[in-house]
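Chain by chain, the residues run as shown.
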Amino acid sequence: MLLIGIAGLTVAEHEREQLVAPQVSGVVLFSRNFQSRQQLQDLVDDLRNLRNDDAFVICVDQEGGVVQRFREGFTRLPALAKLGQVWDRDPERAVALAEEHAWLMASELRAVDIDLSFAPVLDLARGNRAIGTRALHADPEAVSELGQAYVRGMHLAGMSATLKHFPGHGSVQADTHLETVTDPRDPDSLRQEDMLPFIDAIESNAEAVMMAHVVYPAIDALPAGQSRVWIDDILRGELGFRGLVFSDDISMAAAGAAGDVAARIRAHQEAGCDLVLACQPEAVEPALAATRDMSPCDPERVGSLRGTVANTWESLEDNPQRNQFIAHIQSLNDEEYA
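First things first, this report covers the structure right here in the doc. Everything numeric here is computed off the predicted structure, so don't read it as measured data.

## Focus: the overall build of the protein
For the protein, the count of helices and strands is 13 helices and 10 strands. Based on the C-alpha atoms only, the size of the protein along its principal axes is roughly 50 × 50 × 30 Å. Residues counted as buried form 59% of the 338 residues belonging to the protein. The contacts in the protein between residues at least 6 apart in sequence include a share of 77% that link residues at least 24 apart. Put simply, the protein has 28 plus and 53 minus side-chain charges, and the middle of one group is 2 Å from the middle of the other.

## Focus on the sheet that holds strand E8 (residues 208-211)
If you trace the 8 strands from one edge of the open sheet to the other, you get E6-E3-E2-E1-E10-E9-E8-E7, paired in parallel fashion. The open sheet is flanked by strand E6 (116-117) and strand E7 (162-166), the only strands paired with a single partner. Inspection of the sheet shows strand E1 (residues 2-4) paired to strand E2 (residues 24-29) by 3 bridges, in the parallel sense. The partner of Leu-3 across the bridge, within E2, is Gly-26.

## Section: the layout of surface pockets
Roughly 300 Å³ of internal volume is contained in the largest pocket. Lining of the largest pocket is provided by 22 residues; of these, Asp-61, Arg-69, His-177, Asp-248 and Met-252 occupy positions nearest its centre. Only E7 and strand E9 (244-249) provide two or more residues apiece to the lining of the largest pocket. For the lining of the largest pocket, the class distribution of residues is 9 nonpolar, 6 polar and 7 charged.

## Regarding a negative patch on the surface
A surface patch of like charges, here negative, comprises Asp-88, Asp-139, Glu-141 and Glu-145. Position of Asp-139 relative to the elements: it lies in the loop between E6 and helix H5 (140-156).

## Comments concerning the packing of helix H4 (residues 91-111) against H5
H5 packs onto H4 with a crossing angle of 35 degrees between their chain directions and a minimal axis gap of 7 Å. Considering the relative orientation of H4 and H5, their crossing is right-handed. Across the interface between the two elements, Ala-94, Val-95, Ala-98, Glu-99, His-101, Ala-102, Trp-103, Met-105 and Ala-106 of H4 pack against Glu-145, Leu-146, Ala-149, Tyr-150, Arg-152, Gly-153, Met-154 and Leu-156 of H5. Across the contact of H4 with H5, the residue classes tally to 12 nonpolar, 2 polar and 3 charged.

## Re the state of the cysteines
Per the counting criterion, the structure on display carries 0 disulfides. With no disulfide of its own, Cys-279 has Cys-59 as its nearest cysteine by sulfur position, at a separation of 9.1 Å.

## Considerations on unusual backbone geometry
Look at the link from Ala-119 to Pro-120: it is a cis peptide, with omega at 5 degrees. Structurally, Pro-120 is set in the loop between E6 and H5. Following Phe-166, the chain continues into Pro-167 via a peptide bond in cis, with omega recorded as 5 degrees. Within the secondary structure, Pro-167 sits in the loop between E7 and helix H6 (187-192). Phi angles above zero are rare outside glycine, and Asn-205 is one such case at about 70 degrees.

## Looking at the nonpolar core
Core analysis: the largest hydrophobic core is formed by 115 residues, its most contacted members being Leu-29, Ile-114, Phe-166, Met-211, Trp-230 and Phe-246. In terms of residue count, H4 provides more of this core than any other element does, 11 residues in total. Dropping the residues within four chain positions of it, Phe-166 is found in contact with Met-195, Phe-198, Val-209, Met-210, Met-211, Ala-212, Ala-224, Trp-230, Ile-234, Leu-235 and Leu-239.

## Examining the side chain of Asp-183
Secondary-structure assignment places Asp-183 in the loop between E7 and H6. Within the structure, the side chain of Asp-183 is placed 2.7 Å from the side chain of Arg-185, a separation counted as a polar contact.

## Comments concerning the environment of Thr-133
Mapped onto the secondary structure, Thr-133 falls in the loop between E6 and H5. On a C-alpha basis, the gap between Thr-133 and Ala-327 in space is 21 Å, while along the polypeptide they are 194 residues apart. Not counting the four nearest positions on each side in its chain, Thr-133 is found in contact with Ala-79, Leu-80 and Ala-81.

## Examining the pattern of salt bridges
Applying the stated criterion across every chain, the model contains 23 salt bridges. Glu-179 is paired through a salt bridge with Arg-129; the nearest N and O atoms lie 3.3 Å apart. Taken together, the residues span a long stretch of sequence, with Glu-179 in the loop between E7 and H6 and Arg-129 in the loop between E6 and H5 at a distance of 50 residues. Here the salt bridges share partners, and the residues they tie into one network are Arg-48, Asp-54, Arg-110, Asp-113, Asp-115 and Arg-306.

## Side note on the side chain of Asp-248
Mapping Asp-248 onto the fold places it in strand E9. Buried charge without a partner: Asp-248 forms no salt bridge, and the closest opposite charge is Arg-134, 6.9 Å away. Discounting residues that sit within four places of it in the chain, Asp-248 has contacts with His-165, Met-210, Met-211, His-213 and Leu-277.

What counts and what doesn't
- Residues numbered from 1 in each chain as written.
- Predicted model: local features only at pLDDT ≥ 70, side-chain atom pairs only at ≥ 80, totals over all residues.
- Heavy atoms only, no water.
- Helix = DSSP H or I, 4+ residues; strand = E, 2+ residues; numbered from the N terminus.
- Buried < 20%, exposed > 50% of the residue type's maximum accessible area, 1.4 Å probe, protein only.
- Contact = heavy atoms within 4.5 Å.
- Lys, Arg positive; Asp, Glu negative; His and termini not counted.
- Charge placed at Lys NZ, Arg CZ, Asp CG, Glu CD.
- Pairing = 2+ DSSP bridges.
- 1 Å grid on protein atoms, 1.4 Å probe; cavity = no way out; pocket = protein on both sides within 12 Å on 5 of 7 lines; lining within 4 Å.
- Points joined across faces, edges and corners; volume = space filled by probe spheres on them.
- Nonpolar A, V, L, I, M, F, W, Y, C, P; charged D, E, K, R; others polar.
- Patch = residues over 30% accessible without salt bridge, like charges linked within 9 Å, V, L, I, M, F, W, Y side chains within 5 Å.
- Areas by Shrake-Rupley, 256 points an atom, 1.4 Å probe, with all protein chains shown as cover.
- Salt bridge = Lys/Arg side-chain N within 4 Å of Asp/Glu carboxyl O.
- Axes fitted to C-alpha atoms, helices over the stretch in contact; angles between N-to-C directions.
- Left-handed = near helix turned anticlockwise from the far one by under 90°.
- Disulfide = S-S within 2.5 Å.
- Core = buried A, V, L, I, M, F, W, Y, C linked by side-chain atoms within 4.5 Å.
- Polar contact = N/O pair within 3.5 Å; in protein donor to acceptor, adjacent residues only side chain to side chain.

Structure, rendered in structure tokens:
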């Protein structure tokens, strides 16, 4: 039911009580929870000992570029926009690099026993202030090809893929962290443009989808993550998606139209979200109070997101493929594109 955040580098006593609540299915880590790779490993080990079951996932946003929560001791990943720049000159190379970027990101997280990075971003690069260089390209076909390659790379590293932010957050300017956002386009434009990469990546067996907090009034008056039309009728019905559906963080301003924390959670759950993100520590207690009498997410479904094929960090460092991929990926930071 809930994925929650914690405040610091270790788990506080009151957070231990929060994390063992039956409605909590996992934790989302941020830069505030990271100091070094060893500290992170200790934190993850503590979380695993606290919740010694398969129906608990440890998650992060480790996209690269401006959204890379763990840096020291991890490969500095270029923003996904760099892959789009390569696409303009050499699509075949861009596809190969997308798969390598994904494998590198996911394999390093799996080596410290983190299950899931919320990736890839499939929003189009069309000027949204929150997305920016996090997006692969402005062209839906390019994003589709690169997104599918990214899903393949994550799968090769033993990590499930999370497509975000459905049905597409990139074609409007406003930032859902800060304000209510509306995309007024007609349904055909949405399907032919922003939704195309999601449709193709779903067919590539992506395991999860994160919803946008954007309102698309031509489809429904509610934000997509609070809309049964978007989740049940379109995502699950029309597109045949059978994986798990995440909300975006309910602390964001664009989620606020539903009301307080309890109302936001109820709106997302009634719309069909399997897991609701309450990432800010101040939102956790109200979220727990609001869900005390709700059934937790099916443990088997949550467990399907757990990572596999985890190497130790030492064995990962000895892997010549990793060293090769690092050289390829980091060279992107040195290349200039018009």
